[in-house]
Structures are given as C-alpha cells and as structure tokens.
Amino acid sequence: MAELMAAHGEAHTRELASARRDLDKMRQDAAECHEKYTLAMSGQAMTKDSLHEAARKLRVLAADQAEQERKLAGICPGLAETAFFGGLTTQWLDKVAAELEYCENYLAQMNAFLGDTPAASIQTKTAQEEEFFQWTPSYSTGVPVIDGQHKLLLSYVNRLHNGLRQGRDSALLLEILDSLAGYAFTHFTTEEIFFAYSDYPCSKEHIEEHQAFKNKLVLFREALLQGKADVDQALLEFLKTWLIEHIQGMDVSFAPYVAQHHGITLKRDNSATEDKN
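What you are looking at is a predicted structure, and each value in this text was computed from that prediction instead of being measured.

Calculation notes
- Residues numbered from 1 in each chain as written.
- Predicted model: local features only at pLDDT ≥ 70, side-chain atom pairs only at ≥ 80, totals over all residues.
- Heavy atoms only, no water.
- Helix = DSSP H or I, 4+ residues; strand = E, 2+ residues; numbered from the N terminus.
- Buried < 20%, exposed > 50% of the residue type's maximum accessible area, 1.4 Å probe, protein only.
- Contact = heavy atoms within 4.5 Å.
- Salt bridge = Lys/Arg side-chain N within 4 Å of Asp/Glu carboxyl O.
- Core = buried A, V, L, I, M, F, W, Y, C linked by side-chain atoms within 4.5 Å.
- Patch = residues over 30% accessible without salt bridge, like charges linked within 9 Å, V, L, I, M, F, W, Y side chains within 5 Å.
- Areas by Shrake-Rupley, 256 points an atom, 1.4 Å probe, with all protein chains shown as cover.
- Axes fitted to C-alpha atoms, helices over the stretch in contact; angles between N-to-C directions.
- Parallel < 35°, antiparallel > 145°, perpendicular 65-115°, else oblique.
- Left-handed = near helix turned anticlockwise from the far one by under 90°.
- Nonpolar A, V, L, I, M, F, W, Y, C, P; charged D, E, K, R; others polar.
- Expected span 1.5 Å × (residues − 1).

1. Remarks on the overall build of the protein chain
Right, on to step 1. Scanning the protein chain from terminus to terminus reveals six helices and two strands.
Right, on to step 2. Across the protein chain, helices and strands are ordered from the amino to the carboxyl terminus as α-α-α-α-α-α-β-β.
Right, on to step 3. Here the protein chain holds 277 residues, and 35% of them are scored as buried.
Right, on to step 4. Taking the intrachain contacts of the protein chain between residues at least 6 apart in sequence as the baseline, contacts between residues at least 24 apart amount to 77%.

Right, dumping it as structure tokens:
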C-alpha cells in the first residue's frame, strides 16, 4: 500500500509539473500572439501613413506637371496636341495617387474593424511567481511597439528567474533562455527596420551593440550545452543590466527619430499618441 501511495504521489507530482509547464507555455504563447498582433497593427498604421504621404507627393507632382503643361502650351501651342503634353501624364499621376489613397483607406478601415490593441498585458502571475525585473516608466521610449516588445523581453527574464527559483531542470531553463534569445533577436530586427526608415544617425553603432549581445548569448548557450556553465543569478543580472542600459541609453535616443518620421507624439509616461494633424 505504501509503495502504491508513493507511486501515485510521484505520478501526481509529474502531472502537476507537466500541467505547470503547459500553463507557462500557453501563457507565453498568448503573450507572444498579443505582441505579434500589436506589431502587425503598428505595421499597418505605418504602411497607411506611407501610402498617404506617397499619394500627397503624387498629387503635388501632378499639379506641378499640369502647370508646366500650361506654360509650355502658351510658349508653343503645338505641344498641347502631343500625348505627353495633352494631359495624359497628369491623368496618370492622378490615377496612381487615387489607387494609393484607396489602399490607404482600406488599411484605415481594417484598423477600425480590428480595433485598438488591448492595453492590458495578457500575462498574469501566479501566487508562486514574482517579478525579478519590473517595468518602470523610466524604461519607456514613447514608441508603443518598442515599449511593448521591451515589456515582453522583461517577462522572459522574469520567467527564467522563476524557473531558476523553483528548481526547474536545465533542459527547461535552456528552453526558456532560447525563447528569450529568439524574441530578443526578433525585437532587434524590429528596431533595425525603424532605423532604415528614419534619419537616426547612430544606427551602425546600435546594430553593432545588438550583434554583440547576440554573440554573447550564442557563446553562453554553447557553454551550457557543453556543461561549462549554468543558468544562474549572474546570467539574470547580466540580462537585466544589459537591457536597462540598452533601453535607457540607445533605445530612448532613437525614439525621437522614429517619432518624427511616423508622426508619433512621444510621451515618456509609458504611453504615446499618434499625431492626427
């Protein structure tokens, strides 16, 4: 009977551990889905703004072209009968501008249909969890997509901390670390896309810092697999310190360039609003 009870207890413990892992994964998957939705919505807004600007420039170009046609027709009336100076170029520019405006309106309707991104975080903490790395307003860049990704990165570090605190096995800790690294690399790509569409002057140095962080995590992972290192408090402190210094240093510095290009009014109180003018 004692052996049966012990076996039943062990089986129950394994089931609870498996359920806890499944719950952790579901929570993380939900948070990632939420963040991808946020990024997609922001991308649609950026595309809509770009289409609006392209259509505006084409309208201006069409107006300038029409004015040039009128002036040339006054100087040389025969030109008014040609295909080029007979209004076809202006009509073509107006048509392209109208198509861009149609796409812009379509994206605006899609954004309205999908609604605003939920502000509340999907992740919730259980009674056994605690925050090793807490978000504060000082980490805010004022760019909603970037801030949202930073919050999710913090949640990965907290997940790693709680796994370590609860004595999770090395395989699970490595899985969490891989998830953190993978998302960090995705986040870096997002920032670098912003660099490409702004006048940010320090993009080269910023990208080099991203690469140095990637290299360090790759080396650490190799050391873990070879049994030369452990996931411990020192790693957590490194991740926390690096993210704080990177966010408050380089990320905050590029936010004004992103805001200027994409019409965002920066608010360092952990929120940002789009300029509607």
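2. As for the pattern of salt bridges
Right, on to step 1. Taken as a whole, this structure holds two salt bridges when the rule is applied.
Right, on to step 2. Between Asp178 and Arg221 there is a salt bridge whose closest N-O contact spans 2.6 Å. Taken together, the residues Asp178 in helix H4 (residues 170-196) and Arg221 in helix H5 (residues 203-225) connect sequence positions 43 residues apart.
Right, on to step 3. In this structure Asp178 comes out as partly exposed when scored by relative accessible area, which is 29%.
Right, on to step 4. Its salt-bridge partner being Lys204, residue Glu208 comes within 2.7 Å of it at the nearest N-O pair. Taken as a pair, Glu208 and Lys204 lie in helix H5 at a separation of four residues, close to a single helical turn.
Right, on to step 5. Overall, Glu208 belongs to the partly exposed group, its relative accessible area being 44%.
Right, on to step 6. Judged by its relative accessible area of 57%, Lys204 is exposed.

3. Re the nonpolar core
Right, on to step 1. Residues Phe133, Val157, Leu160, Leu177, Phe213, Leu235 and Leu239 are the most contacted members of the largest nonpolar core, which totals 31 residues.
Right, on to step 2. Those elements that place two or more of their residues in this core are helix H3 (144-165), H4, H5 and helix H6 (233-262).
Right, on to step 3. Here this core gets ten residues from one element, more than from any other, and that element is H4.
Right, on to step 4. Ignoring any residue separated from it by four or fewer positions in sequence, one finds Leu235 in contact with Leu160, Leu177 and Phe220.
Right, on to step 5. Core analysis: the next-biggest nonpolar cluster, separate from the first, contains nine residues, Val143, Ile146, Met250 and Phe254 among them.

4. Overview of a nonpolar patch on the surface
Right, on to step 1. A contiguous nonpolar patch, built from Met1, Leu4 and Met5 and spanning about 410 Å² of accessible area, is present on the exposed surface.
Right, on to step 2. The topology assignment puts Met1 in the segment before helix H1 (2-75).
Right, on to step 3. On the accessibility criterion, Met1 (75% relative accessible area) is exposed.

5. Description of the packing of H4 against H5
What describes two packed helices is the angle between their axes and the distance between those same axes.
Right, on to step 1. Orientation of H4 relative to H5, taken along the N-to-C sense of each, is 165°, at an axis distance of 11 Å. The orientation of H4 with respect to H5, classified from their angle, is roughly antiparallel. Regarding H4 and H5, the two cross each other, and that crossing is left-handed. Residues Leu174, Leu177, Asp178, Ala181, Ala184, Phe185, Phe188, Glu191, Glu192 and Phe195 of H4 form the contact with H5, whose own contacting residues are Ser203, His206, Ile207, His210, Phe213, Lys214, Leu217, Phe220, Arg221, Leu224 and Leu225.
Right, on to step 2. Of the residues assigned to the contact of H4 with H5, the class counts are 13 nonpolar, three polar and five charged.

6. Thoughts on H5
Right, on to step 1. For H5, with 23 residues, the first-to-last C-alpha span of 33 Å sits near the 33 Å given by 1.5 Å per residue.
Right, on to step 2. Every buried residue of H5 is accounted for by His206, His210, Phe213, Lys214, Leu217, Phe220, Ala223 and Leu224.
Right, on to step 3. Downstream of H5 by one or two residues, Gly227 has phi in the positive range, about 75°.

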